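Chain and residue survey
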Amino acid sequence: MKLPRADCLMCVYFKTLDRTSEMFFKKAVDSVLSQTFSDFNFVIIDDGSDKKVIEFLASIKDERIQVHSKGNTGLTDSLNYGLQFCEEEYIVRQDADDLSEKTRFEKQIRLLEKFPKCGAAGCWYYYIDMNDVAYGSVCLNPMLIDTPRVAGTLAGGGCTLRRKAVLEAGGWKLKFAQDAYLWMRMRALGWELRNVPELLYSYRVHDNQISVKHRKKQREIAHSMAEIATL
């Protein structure tokens with residue numbers, strides 16, 4: 001069965017694109033472009049990055065890539081800004097320093113096609129270090145996520161979202177834990193959250209990422225998520 005087209009949304013901010021950051025970024029982009037499912041637009045939102053980011057993207061000859069640059073306003077605003085360029089039924093999230101297995105897009109879209117009330121399809125995921133070495137993983141059952149707290153059950157950059165569900169939930173909100181808030185809003189509106197029970201995403205942990213710099217704040221927000229998501 002032919003799958004519908006999708007949009008892959010990646011938000012990028014590198015104040016300085018040093019050798020390490022460039023390596024992370026290149027690997028993330030390569031993992032997107034090498035997917036077994038290839039019928040997607042690759043929407044990249046440049047959130048006021050180092051000009052080397054644009055130069056790097058300009059060097060890639062792939063007609064699926066669409067780069068939209070703006071001033072630096074943060075991840076939440078960038079995701080919502082990027083939403084206007086995503087017109088297909090499904091939005092595949094991908095962070096600019098993480099890695100996706102080649103079949104991730106295909107398997108998550110098939111899951112969404114199978115379950116029409118599913119608003120977000122995640123997957124099991126690895127934690128990897130700066131050298132791509134996995135040192136842990138999150139493999140949660142069941143496929144249908146019905147726990148009161150959703151933070152940590154899905155990887156924000158490793159999800160494929162139903163565009164209709166994102167719009168009904170009002171897009172991304174909050175400065176931190178914006179993905180978990182979106183998932184909780186979806187749940188409150190009757191949408192399901194499901195996981196592909198396979199390790200299809202690698203979440204990179206390093207000192208410069210938002211979730212490491214603001215870990216305490218994100219945990220505080222995540223703990224109160226079930227209450228504020230119904231507002």
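To start, this report covers the structure provided alongside it.

Moving on: the nonpolar core. If you look at the biggest cluster of nonpolar residues, it comprises 37 residues, and the most contacted ones within it are Met10, Val12, Phe25, Phe40 and Phe42. Broken down by secondary-structure element, the contributors of at least two residues to this core are strand E1 (6-12), helix H1 (19-33), strand E2 (40-47), helix H2 (51-58), strand E4 (90-93), helix H4 (104-114), strand E6 (118-128) and strand E9 (192-204). It is H1 that contributes the most residues to this core, five residues altogether. Setting aside anything within four residues of it in sequence, one finds Phe40 in contact with Arg5, Ala6, Asp7, Cys8, Val32, Gln35, Arg64 and Phe105. By size, the runner-up hydrophobic cluster in this structure holds 25 residues, among which are Leu83, Ala120, Val166 and Trp191.

Glancing now at the pairing of E9. As defined by bridge partners, strand E5 (residues 99-100) adjoins E9 across two bridges and the pair is classed as antiparallel. Bridged to Leu99 within E9 is Ser202. Inspection of the sheet shows E6 paired to E9 by 10 bridges, in the parallel sense. Looking across to E9, one finds that Cys123 is bridged to Val196.

Taking 1.5 Å per residue as the helical rise, H1 with its 15 residues ought to reach 21 Å, and the 21 Å between its terminal C-alpha atoms agrees with that figure. At the N-terminal boundary of H1, the capping side chain belongs to Asp18, with an oxygen 3.3 Å from the backbone nitrogen of Thr20.

So, on to the packing of aromatic side chains. This structure, assessed with the given rule, holds eight aromatic pairs. Seen in terms of ring centroids, Tyr127 and Tyr203 are 5.8 Å apart; in terms of plane orientation they differ by 75°. Their pairing is edge-to-face. Here Tyr203 lies in strand E9 and Tyr127 lies in strand E6, a separation of 76 residues in the sequence. For Tyr127, a relative accessible area of 26% gives the class partly exposed.

Right, let's talk about the state of the cysteines for a bit. The full count for this structure, using the stated rule, is zero disulfides. Unpaired in terms of disulfides, Cys123 finds its nearest cysteine sulfur in Cys159, a separation of 7.3 Å. Here Cys139 is not cross-linked by a disulfide; its sulfur's nearest cysteine counterpart is in Cys123, at 9.7 Å. Residue Cys139 is classed as partly exposed on the basis of its relative accessible area of 36%.

Along the polypeptide, Thr160 turns up in strand E8 (residues 160-162). Judged by its relative accessible area of 0%, Thr160 falls in the buried class. A polar contact is formed between the side chain of Thr160 and the side chain of Gln108, at a distance of 2.7 Å. Apart from the residues lying within four places of it in its own chain, the contact partners of Thr160 are Tyr90, Ile91, Val92, Arg104, Gln108, Ile109, Leu112, Gly119, Ala120 and Ala121.

Looking at the element boundaries, Arg163 is found in helix H5 (residues 163-168). Once the C-alpha coordinates of Arg163 and Val92 are considered, the two residues, 71 residues apart in sequence, prove to be 9.6 Å apart. What Arg163 contacts, discounting residues up to four positions off in sequence, is Cys86, Glu87, Glu88, Glu89 and Ile91.

Turning to H2, its buried residues number three or more, namely Val53, Phe56 and Leu57. The buried residues of H2 occupy an angular sector of 95° when projected down its axis, which confines them to one face. For H2, the exposed residues set more than 90 degrees away from the buried face come down to Lys51 and Ala58. Residues of H2 that are buried in the fold lie against E1, H1, E2 and strand E3 (65-70). The N-cap of H2, judged by a side-chain oxygen 2.9 Å from the amide nitrogen of Lys52 a few residues on, is Asp50.

Across all of its chains, the model carries 15 salt bridges by this definition. Of the charged contacts in the structure, one is a salt bridge between Arg93 and Asp95, with a shortest N-O distance of 3.1 Å. Residue Arg93 is classed as buried on the basis of its relative accessible area, which comes to 2%. Here Arg110 ties to Glu106 by a salt bridge, and the two come within 3.3 Å at their closest N and O atoms. Note that Arg110 and Glu106 are positioned in helix H4 at a spacing of four residues, about one turn of the helix. For Arg110, a relative accessible area of 36% gives the class partly exposed. Of the residues examined, Glu106 reaches a relative accessible area of 23% and is grouped as partly exposed. Members of the salt-bridge network, linked through shared partners, are Lys2, Arg5, Asp39 and Glu88.

What counts, and at which threshold
Residues numbered from 1 in each chain as written. Predicted model: local features only at pLDDT ≥ 70, side-chain atom pairs only at ≥ 80, totals over all residues. Heavy atoms only, no water. Core = buried A, V, L, I, M, F, W, Y, C linked by side-chain atoms within 4.5 Å. Buried < 20%, exposed > 50% of the residue type's maximum accessible area, 1.4 Å probe, protein only. Helix = DSSP H or I, 4+ residues; strand = E, 2+ residues; numbered from the N terminus. Contact = heavy atoms within 4.5 Å. Pairing = 2+ DSSP bridges. Expected span 1.5 Å × (residues − 1). Polar contact = N/O pair within 3.5 Å; in protein donor to acceptor, adjacent residues only side chain to side chain. Phe/Tyr/Trp six-rings, centres within 6.5 Å; stacked < 30°, edge-to-face > 60°. Disulfide = S-S within 2.5 Å. Arc of directions from axis to C-beta. Salt bridge = Lys/Arg side-chain N within 4 Å of Asp/Glu carboxyl O.

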